[in-house]
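Secondary and tertiary structure notes
Each chain, written out:
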Amino acid sequence: MHIFASKLYEVKSYDYLVSSFTGADGTEKSFPVSYFYNNSAGKLAASGEFLALLTEHDEKHSIYVPYFVGSLKLSVDGVVVYYHDDVNWPSSVISRNFAIIEIPWTTLNSLTSNDGIFRFTFELTTDRGGLAAVSKMYVGNSSFFQKYELILSIYFDTLRTAMLGGQISLLLLLIYSILTRKIGSEAYAPIVILLYFTLGGLGKFTDYNAGFVFVGQIGISLSPLSIVALFKLFFDIHDQNLERPFRSAYYWFGAATLLPAVVAIIWGFDLVQYNKLVSAPVLILGTITLSFTTIRSYIYSSRLDIAIWAITASVTCYAVCYDILFRFGIVSIPANFASIAMAIFSISIGATFVQLILSKKINLTITNLEMQKALKHQSQVLEAEFKRTSDFQAKAASREETERLTAELHDGVLTYLSVINSLSEKSTDSKLQRINILSRNALNEIRIILEARPSDVASLTIALSALRAQLIDPLIYLGIEVEWSTSALLDQGATEPKVLMEIIRIVQEAVHNAVIRGQCKFLSIVAQRYETGFSMIIINTGGHSFTEKNRKGLGIASMMNRSSSIGATLDIQPRESGAIVTLNVPDFPSSQGTLLRPE
């Protein structure tokens, strides 16, 4: 860094270089020089004389002093050609004055010289902080010196101002984010750090307003608090945990750190002396400790964000130490490294803080999406469970209603049928005997219905045989010729009661329509087996022909509904003086999952 500082003030084009002087004690000394006298403002730090060659190639000659700190008086053969009094003007911690001293040739003609070699004398006194320093001096063309000084001003002023603008912008952004509650207490540490850097940066603008010096001193007095904030922020980023609580001890420490500034404002306390004795040592020790801590953490973690902290903290530590050494006259070349390094450091740690905030927000977004997905899945599960519960409740209500109707059917209808059966049982009248048989069949069928359970299984062949026994005699009595053949279903396996009941009801309705509505004379009920199921074919003839108008009846609609409920198909086709009803029942109806398969 010292090499960089030396190169920074190295002028490439000049006529004559003044690199040494003869001190007041007669000893030869070299430029640059620096002196520090604690609490000694306006003290004569150095004086002497040097020789400079001024030729007649130009109307006026310039002596360029790249930097000096304190008050500088320059004379030629006893004539004062430059004087800058810095004793009564407040100076910032690291200030740099420069001078381009133009001496007209007409002035030099009136002075004593030895072949253009003139004798110069200078006096250098300390500034208000007790520091005095001056660089080498160059003799040459003022226009070139002005161009070179423009380059230095970009480094010392423009770059510093741009960095300060970035710090202030980041500080205002964090404050706005807290006020709008976009972030919480995790931003307190970055705000303290940026406030410290910002106040220190404003302290450099003494040329515009002397009050900025006091602002800078207040910023320096916050060094202990800023070091604590730096360590807290580093450990938060290291642990990837910005939710660590901001303990009350930090607030008390912050209040104690602000106390010297408050005392200085109210009672005139020497804030500069406090910063020399307390703030500066804390700043040096804190930056050194932080530098070693970040380097050690990077060695163990090899993380990019920790590497940024380690590099910028180390550079800042070295820059702060260098500038403080210059402030105390230990090194003689000012470079203002601390301002640039701190600005880069603050922007770097701000970037790592923002990166951590963004990563936390991304992780939070991912977590929210996962939670939404889980909630959606849980909602679907709850909806399915609600549907199952609703179905169960509906089935329970239906079962309760069925049991009520069953009880009413048993206690009501069966009672009347039993009375009819009893009254006609011993009668010799053939009609009453037929009524007795029909009532007994009705009683048996009702008992079958009442005793059927969804989990029971029954034989379709037996059910059809029972139906045949109930129907044959009444049909023959009515003069109808009956053909009944269901032997094809002898190997049919067990059938669920619902399927069996629907098939029986369809056959009953078909027989009823043929006898009552069709007035048939011949009735055929035949079962046929095929590869994937069986068919029940009911044919009636000798009566009325089936028409499309008959399809609109409730009986046929009921037959269609029953067949579709068990996955079967029902087809009714007209024929001469009758109709053909075909019920096709597959082995595996799809509607209710019913199983119909041969054993």
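Residues numbered from 1 in each chain as written. Predicted model: local features only at pLDDT ≥ 70, side-chain atom pairs only at ≥ 80, totals over all residues. Heavy atoms only, no water.

Describing the confidence of the model for the chain
Across the chain, the average pLDDT comes to 79, with 82% of residues at or above 70. The model gives residues 589–599 a pLDDT under 50, and that stretch makes 39 contacts with residues more than four places away or in other chains. (pLDDT = per-residue confidence, 0-100. Contact = heavy atoms within 4.5 Å.)

A closer look at helix α4 (residues 188–202)
With 15 residues, α4 ought to run about 21 Å at 1.5 Å a step, and its terminal C-alpha atoms sit 21 Å apart, in line with that. When you tally the buried positions in α4, you get eleven out of 15 residues, the bulk of the element. Ala189, Pro190, Ile191, Ile193, Leu194, Tyr196, Phe197, Thr198, Leu199, Gly200 and Gly201 are the residues of α4 that are buried. (Helix = DSSP H or I, 4+ residues; strand = E, 2+ residues; numbered from the N terminus. Expected span 1.5 Å × (residues − 1). Buried < 20%, exposed > 50% of the residue type's maximum accessible area, 1.4 Å probe, protein only.)

A few points about the environment of isoleucine 101
Structurally, isoleucine 101 can be placed in strand β9 (residues 97–104). When the C-alpha atoms of isoleucine 101 and histidine 61 are compared, they prove to be 8.0 Å apart, with 40 residues separating the residues in sequence. Apart from residues no more than four positions distant in its own chain, isoleucine 101 is found in contact with His61, Ser62, Ile63, Leu74, Val81 and Tyr82.

What to know about the sheet that holds strand β18 (residues 569–575)
One open sheet accounts for five strands, arranged β14-β16-β17-β19-β18; its pairing is mixed. Looking at which strands have only one partner, the edges of the open sheet turn out to be β14 (481–485) and β18. Going across the sheet, the axis of each strand differs from the next one's by a mean of 15 degrees, ignoring polarity. With eight bridges connecting them, strand β17 (residues 533–541) and strand β19 (residues 578–586) associate as antiparallel partners. Directly across from isoleucine 539, in β19, lies its bridge partner isoleucine 580. Against the sheet, helix α14 (residues 554–565) engages β18 and β19, with an angle of about 145 degrees to β18. (Pairing = 2+ DSSP bridges. Axes fitted to C-alpha atoms, helices over the stretch in contact; angles between N-to-C directions.)

Remarks on the packing of helix α6 (residues 223–238) against helix α8 (residues 271–301)
At their nearest, the axes of α6 and α8 sit 9 Å apart, and the two run at 10 degrees to each other. Classified by the interaxial angle, the pair formed by α6 and α8 is roughly parallel. Facing Ser223, Pro224, Ile227, Leu230, Phe231, Phe234, Phe235 and His238 of α6, the residues of α8 in contact are Ser279, Val282, Leu283, Gly286, Thr287, Thr289, Leu290, Thr293, Thr294 and Ser297. The residue makeup of the contact of α6 with α8, split by class, is nine nonpolar, nine polar and no charged. (Parallel < 35°, antiparallel > 145°, perpendicular 65-115°, else oblique. Nonpolar A, V, L, I, M, F, W, Y, C, P; charged D, E, K, R; others polar.)

Looking at the packing of aromatic side chains
All told, the structure shown has 17 aromatic pairs when counted by the stated rule. Look at tyrosine 9 and tyrosine 67: their rings are 4.7 Å apart centre to centre, the planes differ by 55 degrees, and that puts the pair in the tilted class. Taken as a pair, tyrosine 9 in the loop between α1 (2–8) and β1 (16–18) and tyrosine 67 in strand β6 (residues 60–69) lie far apart in primary sequence, 58 residues in all. For tyrosine 67, a relative accessible area of 2% translates into the label buried. Judged by centre distance (5.4 Å) and plane angle (5 degrees), the rings of phenylalanine 50 and phenylalanine 120 are stacked. Of this pair, phenylalanine 50 sits in strand β5 (residues 44–53) while phenylalanine 120 is found in strand β10 (residues 117–125), placing the two residues 70 residues apart along the sequence. (Phe/Tyr/Trp six-rings, centres within 6.5 Å; stacked < 30°, edge-to-face > 60°.)

Comments concerning the side chain of threonine 198
Take threonine 198: it is sitting in helix α4. Here threonine 198 falls in the buried class, since its relative accessible area comes to 6%. Aside from chain neighbours lying at most four places away, what touches threonine 198 is Leu164, Gln167, Ile168 and Leu171.

A word on the pattern of salt bridges
Side-chain pairs of opposite charge can arise where the charged atoms are in close proximity. For the structure shown, the criterion picks out nine salt bridges. Arginine 119 serves as the salt-bridge partner of glutamate 49, at 2.7 Å between the closest nitrogen and oxygen. Placement of the pair is glutamate 49 in strand β5 and arginine 119 in strand β10, with a sequence separation of 70 residues. Here aspartate 236 ties to lysine 232 by a salt bridge, and the two come within 2.7 Å at their closest N and O atoms. Highlighted residues: aspartate 236 and lysine 232, both in helix α6, separated by four residues, approximately one helical turn. No difference in accessibility class separates aspartate 236 from lysine 232, as the two residues are buried. One connected set of salt bridges, linked through shared partners, spans Lys498, Glu502 and Arg562. (Salt bridge = Lys/Arg side-chain N within 4 Å of Asp/Glu carboxyl O.)

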